[in-house]
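Fold and geometry: a report
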Amino acid sequence: MGTFKVAPEIELFESADRFIEQLCPGPRDVVLTNAVIYQQHLRAYNLKSAVFFQENYGAGEPSDTMVNAILADMKDLPFDRIFAVGGGTVLDVAKILSLSGFKNVLEVLHGQVPPVKLHRLVAVPTTCGTGSEVTNIAILEETESHIKKGIAGTALFPDQAALVPDFLRDLPYRFFAFSSIDALIHALESYLAPRSNPITELFATEAVRRIVTAYLDIAGQGQTAQARQSPSVLLASTLAGIAFANTGVGAVHAMSYPLGGKYHVAHGEANYAFLGAVMERYLERNPEGKIKQLNEFVANVLRTGRAPGTMTLADLLAAIAPLKRLRDYGVKEEELPEFAEAAMAQERLLKNNYVALSYSELLQMYQSRY
Ligand SMILES: NC(=O)c1ccc[n+]([C@@H]2O[C@H](COP(=O)([O-])OP(=O)(O)OC[C@H]3O[C@@H](n4cnc5c(N)ncnc54)[C@H](O)[C@@H]3O)[C@@H](O)[C@H]2O)c1
Ligand SMILES: [Fe+2]
């Protein structure tokens, strides 16, 4: 990959009506979404497309069994495009459904079948976190091992990313908070990654600026500010997605996977559990590198947003969502070495770290968060 790439066409829609008028989902299209999103935002349009609800095939975030079950129901339908209207779960599942040449998704997950695109994919995020609409990766839990793994490749890029702020109107606060923390972490990890460069930094810093500004509004004015801020945070999540699609994300994500896989903690929440520990460790290990610029940038956004003088990013995040300890999720202390081993195995992610981290450092960070 070169220095920078954005593959999907990105369209910003001023309303849901304009989105439907312009992209016209029809009888040769299928829609993958959640029932709550369909009822609130799509039902009234009487679409002629076949509609699939992801949750009918399994609860929570994507797994091989969920994808295989949808695939079985879709296989006899003739269609050209898939509209994925939902959070990262719906988008990631749809990315895999847009591929061809496999009967069981594990064949692709295990690298036995290369990912090849069959259907056009229109990705419409309804959370403000993952950036999956602009990335070339889908994350799946392997049901048997409870391990989260990625399928990556050019074929995984959606063809179009449509940003429709109307669709976030009724997003529950909890999902707003944790998905946007995920987007913030994408931007921070991307900025610090070895492949970060002046172009990805533009996307990462603008994402951080928008999200921190939105959080200051919410911390000051309460959760009613979510509605006013969510269009800006939606755009920020796409910008952060563009940044990390080019640089990768690192240790925060690697450490979150065992917690997400084994205890089914939502992706953004699981990342939040480790953000502070990883950033503190980075600062200790190399305080004069890019982390210094990043901390100055965040401090400046806090000042511009008139945050109280002593407020840190950690304080602001605590006002957005409570930070829990691993024991609060039911994790047992004796599992921590196993967690550290699983995180160490995420080589795809750990190579994107600001500084290399050893097994014992990962274990210490898990222990500090216990
Ligand atoms: N492919 C990538 O680049 C990438 C990057 C980061 C994360 N991910 C993956 O994304 C998944 C997490 O996605 P997420 O954080 O968006 O959460 P999610 O897709 O799991 O959605 C969380 C909940 O919000 C509900 N919801 C979504 N939009 C709604 C709306 N507008 N109104 C009401 N309810 C709504 C969903 O039904 C679900 O119950 C994880 O599986 C993670 O691994 C992928
Ligand atoms: Fe993420």
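Each value, and the rule that gives it
Residues numbered from 1 in each chain as written. Chains lettered and ligands numbered in written order. Predicted model: local features only at pLDDT ≥ 70, side-chain atom pairs only at ≥ 80, totals over all residues. Helix = DSSP H or I, 4+ residues; strand = E, 2+ residues; numbered from the N terminus. Rg over C-alpha atoms; globule rule 2.2 N^0.38 Å. Buried ≥ 20, exposed ≤ 12 C-beta atoms within 10 Å, placed from the backbone. Contact = placed C-beta atoms within 7 Å. Near = placed C-beta within 6 Å. Nonpolar A, V, L, I, M, F, W, Y, C, P; charged D, E, K, R; others polar. Domains from an automatic or database assignment. Axes fitted to C-alpha atoms, helices over the stretch in contact; angles between N-to-C directions. Parallel < 35°, antiparallel > 145°, perpendicular 65-115°, else oblique. Left-handed = near helix turned anticlockwise from the far one by under 90°. Core = buried A, V, L, I, M, F, W, Y, C linked by C-beta atoms within 7 Å. Pairing = 2+ DSSP bridges. Expected span 1.5 Å × (residues − 1).

**Comments concerning the overall build of the protein chain**
- The helix and strand tally for the protein chain stands at 15 helices and ten strands.
- Against the globule reference of 21 Å for 370 residues, the protein chain gives a C-alpha radius of gyration of 20 Å, in line with a compact fold.
- The dimensions of the protein chain, computed from C-alpha atoms along their principal axes, are 55 × 45 × 40 Å.
- Residue burial in the protein chain is summarised as follows: out of 370 residues, 50% are buried.
- Contacts in the protein chain between residues far apart in sequence, at least 24 positions, make up 76% of those at least 6 positions apart.

**Quick look at the site of ligand 1**
- Not every one of the 31 residues close to ligand 1 is listed here, only the nearest: E61, G87, G88, T89 and T127.
- Elements that contribute at least two residues to the shell around ligand 1 include exactly helix 2 (35–42), helix 4 (88–97), strand 8 (137–142), helix 6 (173–192) and helix 10 (267–285).
- The element best represented in the shell around ligand 1 is helix 4, accounting for four residues.
- Per-class residue counts for the shell around ligand 1 are twelve nonpolar, 15 polar and four charged.
- Per-domain counts for the shell around ligand 1 show at least three residues from each of domain 1 (9–167) and domain 2 (172–368).

**Considering the packing of helix 10 against helix 15 (residues 359–368)**
- For the pair helix 10 and helix 15, the least separation of the axes is 10 Å and the interaxial angle reads 135 degrees. Taken together, the axes of helix 10 and helix 15 lie oblique to each other. Considering how the two elements wind past one another, helix 10 and helix 15 form a crossing that is right-handed. In this structure, helix 10 contributes F274, A277, V278 and R281 to the contact, and helix 15 contributes E361, M365 and S368.
- A class-by-class count of the residues in the contact of helix 10 with helix 15 yields four nonpolar, one polar and two charged.

**Examining the nonpolar core**
- Ranked by size, the top nonpolar core spans 116 residues in total, and within it L32, A84, A187, A207, I211, A240 and V278 carry the most contacts.
- Top element by residues in this core is helix 6. It accounts for eleven residues.
- Inspection of this core shows a minimum of three residues originating in each of domain 1 (9–167) and domain 2 (172–368).
- Ignoring sequence-local partners within four residues, the contact set of L32 consists of F52, Q54, I82, A84, V90, V93, A94 and L97.

**Thoughts on the domain arrangement of the protein chain**
- Splitting the protein chain by domain gives domain 1 (9–167) and domain 2 (172–368).
- Summarising the inter-unit geometry, the C-alpha centres of domain 1 and domain 2 are found 25 Å apart.
- Tallying the contact residues gives 24 residues for domain 1 and 28 residues for domain 2.
- Breaking the side of domain 1 that touches domain 2 down by element, the ones donating at least two residues are strand 9 (147–152) and strand 10 (160–163).
- With three residues, the top contributor of residues to the side of domain 1 that touches domain 2 is strand 9.

**Here we look at the sheet that holds strand 7 (residues 120–125)**
- Taken together, the six strands give an open sheet; going across it, the order is 1-10-7-4-2-3, and neighbouring strands pair in parallel fashion. Looking along the sheet, the strands with just one partner apiece sit at the ends: strand 1 (9–12) and strand 3 (50–53). Ignoring strand direction, the axes of neighbouring strands in this sheet form an average angle of 20 degrees.
- Both strand 7 and strand 10 contribute to a ladder of two bridges, which runs parallel. Across the sheet, V122 pairs through a bridge with Q160, a residue of strand 10.
- Against the sheet, helix 4 contacts strand 2 (29–33), strand 4 (81–86) and strand 7, and its axis sits at roughly 165 degrees relative to strand 4.
- Against the sheet, helix 8 (residues 225–247) contacts strand 1, strand 7 and strand 10, and its axis sits at roughly 155 degrees relative to strand 10.

**Some points on helix 7 (residues 198–221)**
- Between its first and last C-alpha, helix 7 extends 34 Å over 24 residues, near the 34 Å set by a 1.5 Å rise per residue.
- Phi turns positive, to about 90 degrees, at G222, one or two residues after helix 7.

**Quick word on the packing of helix 6 against helix 7**
- Contact pair helix 6 / helix 7: the axes reach a minimum separation of 9 Å and the direction vectors enclose 145 degrees. Where helix 6 crosses over helix 7, the two elements pack in a sense that is left-handed. Contact with helix 6, carried on its side by S180, A183, L184, A187, L188, S190 and Y191, involves T200, E201, A204, T205, A207, V208 and I211 of helix 7 and no other residues of that element.
- Across the contact of helix 6 with helix 7, the residue classes break down as nine nonpolar, four polar and one charged.

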